[in-house]
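Listed below, chain by chain, are the residues.
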Amino acid sequence: MGKAKAKGPLSESFLQLPVHVSTAQIVDTHTHLASTFELYSSKYRKDPKYETVFDFVKGMYAGKRVEAIIDVWCEAPVRKLWKEFADSALLEEDRKSKWGGLEYWFVMGVHPHEARLYDDEIEADILEAMKHPRCVGWGEMGLDYHYDNSPRDIQQDVFSRQLKHAVSLNKPLTIHTREADADTERILKDIVPKDHPIHIHCFTDSPDFGDRLLEYFPNLCIGITGVVTFATNLDTPAIIRRMDNPSALPLRILLETDAPYMVPSNIYESLQDSPNANELKGRRLPLSHSAMIPWTADFVSGIVNEHRGEDENKVDSDWVLKVARENARKVYGV
């Protein structure tokens, strides 16, 4: 018998999520919008519903309370497309007509995977982008010893170089760190002032490492993506539990998607009520996007509630969304 044919992408109806019960505004503090739209376009190239990134944003987020996103440009060389996106968000009338009222912000840096490509020309392009009114930070940058796509000594040199520029410009930091706890901590403490705003993006490392960073940097927040919902991930829930104590409230977290990656696993329960739920059996959504954040907030609220006593106040997704929204103001000023 021949091999069964691989199933194609789910119909676009599954990207149109049900309206979540939460009422709080969504701020996605880390998304890759260009990559998300490009993945969407490749999956549905035969008959795409959305022809432009602006159509995609307006169509996907309509009625979903997505207030703002921070778009991340971290490629080397720098993609020139960033300026088209950022310029289109300068005027209020354009934000209404092109973005559907969404507040578009961005950060820029070079990812540790591509540190080997970092040079003076790329750095000059990033420094120019830092001047843009919609730029709110430098990143994502950091160290990744899981894949080692760039040599570790080069990763460290490029990380340090970017940090020094960001600190001199007083730009918030968007940090990628994976299996590099000791070197990330050492470099941050060597270069970054204690009170500098820092976002540790998509935290999945040891809770002890997270504790040390939170204690040393009072304006540091931990980024929580849909990966917190994965059964194999024990470290992210653990750092949330540690933060939820009387001396640390409210939680020092930021909510993010890292779209188009890491669809929250708990979202599939909501999709079972869809008219064409049968199509979902044995399948996974082809991409994530900013309107999925309330499901991550659901999971976070469950973590908080599970270890609170009967006499303590329970929380819900609205509480988590509001805490994260306020932290986005503190870290990024958005």
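To keep things clear, this report deals only with the structure shown in the data block. The residue numbers shown here count from 1 along each chain, following its written sequence. The predicted nature of this model means local features are confined to residues of pLDDT at least 70 and side-chain atom pairs, given and counted, to a pLDDT of 80 or more, with totals for whole chains, interfaces and linings taken over all residues. Side-chain descriptors were evaluated using all non-hydrogen atoms of the structure, hydrogens and water having been removed beforehand.

**Structural notes on the overall build of the protein**
Link 1 in the chain: Each helix and strand counted, the protein has 12 helices and eight strands in total.
Link 2 in the chain: Computation of the radius of gyration draws on C-alpha atoms, with the globule rule given as 2.2 Å multiplied by the number of residues to the power 0.38. Against the globule reference of 20 Å for 334 residues, the protein gives a C-alpha radius of gyration of 20 Å, in line with a compact fold.
Link 3 in the chain: Expressed along its principal axes, the backbone C-alpha trace of the protein runs to roughly 55 × 55 × 55 Å.
Link 4 in the chain: The cut-offs for exposure are 20% and 50% of the maximum accessible area for each residue type, with area from a 1.4 Å probe on protein chains only; residues under the lower value are buried, those over the upper are exposed, and the others partly exposed. A total of 334 residues make up the protein; the buried ones form 56% of that total.
Link 5 in the chain: Within the protein, counting contacts between residues at least 6 apart in sequence, those at least 24 apart form 78% of the total.
Link 6 in the chain: Of the accessible surface of the protein, which amounts to about 14800 Å², a share of 50% is contributed by carbon and sulfur atoms.
Link 7 in the chain: Between the averaged position of the 40 positive side-chain charges in the protein and that of its 52 negative side-chain charges there is a distance of 4 Å. The secondary structure listing takes helices from DSSP runs of H or I that are at least 4 residues long and strands from runs of E that are at least 2 residues long, numbered from the N terminus. For this analysis, residues touch if any pair of their heavy atoms sits within 4.5 Å. Here, Shrake-Rupley sampling with a 1.4 Å probe gives the accessible areas, and only protein chains in the shown set may cover a residue. We count Lys and Arg on the positive side and Asp and Glu on the negative side, and we leave His and both chain ends out. Charged side chains are reduced to one point each, which is NZ for Lys, CZ for Arg, CG for Asp and CD for Glu.

**A look at the sheet that holds strand β8 (residues 253-255)**
Link 1 in the chain: Here the rule is simple: two strands pair whenever DSSP picks up at least two bridges between them. Judged by pairing direction, the sheet is parallel, and its eight strands sit side by side in the order β1-β2-β3-β4-β5-β6-β7-β8 without closing on themselves. Every interior strand has two partners, whereas the edge strands, β1 (26-31) and β8, have only one. Geometrically, the sheet is characterised by an average inter-axis angle of 25° between neighbouring strands, direction not taken into account.
Link 2 in the chain: Taken together, the four bridges between β1 and strand β2 (residues 66-73) define a ladder with parallel strand orientation. Note that in β2 the partner of Thr 31 across the bridge is Asp 71.
Link 3 in the chain: Note on geometry: axes are lines fitted to C-alpha atoms, helical ones only across the stretch in contact, with angles between N-to-C directions running from 0 to 180 degrees. Against the sheet, helix α5 (residues 120-129) touches β3 (103-108) and β4 (135-144), its axis set at about 150° to β3.

**What to know about the packing of helix α7 (residues 181-191) against helix α8 (residues 207-216)**
Link 1 in the chain: Contact geometry for α7 and α8: axes closest at 11 Å, N-to-C directions at 10°. It follows that α7 is roughly parallel to α8 by the angle criterion. Note on element contacts: α8 touches α7 through Phe 209, Arg 212, Leu 213 and Tyr 216, opposite Asp 181, Thr 184, Glu 185, Leu 188 and Lys 189.
Link 2 in the chain: Across the contact of α7 with α8, the residue classes break down as four nonpolar, one polar and four charged. Angle categories are assigned with fixed cut-offs, so that under 35 degrees is roughly parallel, over 145 is roughly antiparallel, 65 to 115 is roughly perpendicular, and the rest are oblique. Each residue is assigned to one class: nonpolar for Ala, Val, Leu, Ile, Met, Phe, Trp, Tyr, Cys and Pro, charged for Asp, Glu, Lys and Arg, and polar for all the others, Gly among them.

**A word on helix α9 (residues 235-243)**
Link 1 in the chain: Among the residues making up α9, those that are buried are Thr 236, Pro 237, Ala 238, Ile 239, Ile 240 and Met 243.
Link 2 in the chain: Close packing links the buried residues of α9 with α8, β7 (220-224), β8 and α11 (293-306).

**Regarding the pattern of salt bridges**
Link 1 in the chain: Any carboxyl oxygen of Asp or Glu within 4 Å of a side-chain nitrogen of Lys or Arg constitutes a salt bridge here. Per the counting criterion, the structure on display carries 18 salt bridges.
Link 2 in the chain: Between Glu 103 and Arg 134 there is a salt bridge, with the nearest N and O atoms lying 2.6 Å from each other. Of this pair, Glu 103 sits in strand β3 while Arg 134 is found in the loop between α5 and β4, placing the two residues 31 residues apart along the sequence.
Link 3 in the chain: Judged by its relative accessible area of 24%, Glu 103 falls in the partly exposed class.
Link 4 in the chain: You can call Arg 134 buried: its relative accessible area is 7%.
Link 5 in the chain: Asp 211 serves as the salt-bridge partner of Arg 242, at 2.6 Å between the closest nitrogen and oxygen. Separated by 31 residues along the polypeptide, Arg 242 in helix α9 and Asp 211 in helix α8 bring together distant segments of the chain.

**Concerning helix α6 (residues 152-168)**
Link 1 in the chain: Multiplying one less than the number of residues by 1.5 Å gives the expected span of a helix. Counted at 1.5 Å a residue, the expected span for α6 with its 17 residues is 24 Å, and the 24 Å between its end C-alpha atoms agrees.
Link 2 in the chain: Within α6, the full set of buried residues consists of Gln 155, Gln 156, Val 158, Phe 159, Ser 160, Gln 162, Leu 163 and Ala 166.
Link 3 in the chain: For α6, the elements touching its buried residues are α5, β4, β5 (173-178) and α7.
Link 4 in the chain: Following α6 by one or two positions, Asn 170 adopts a phi angle in the positive range, close to 60°.

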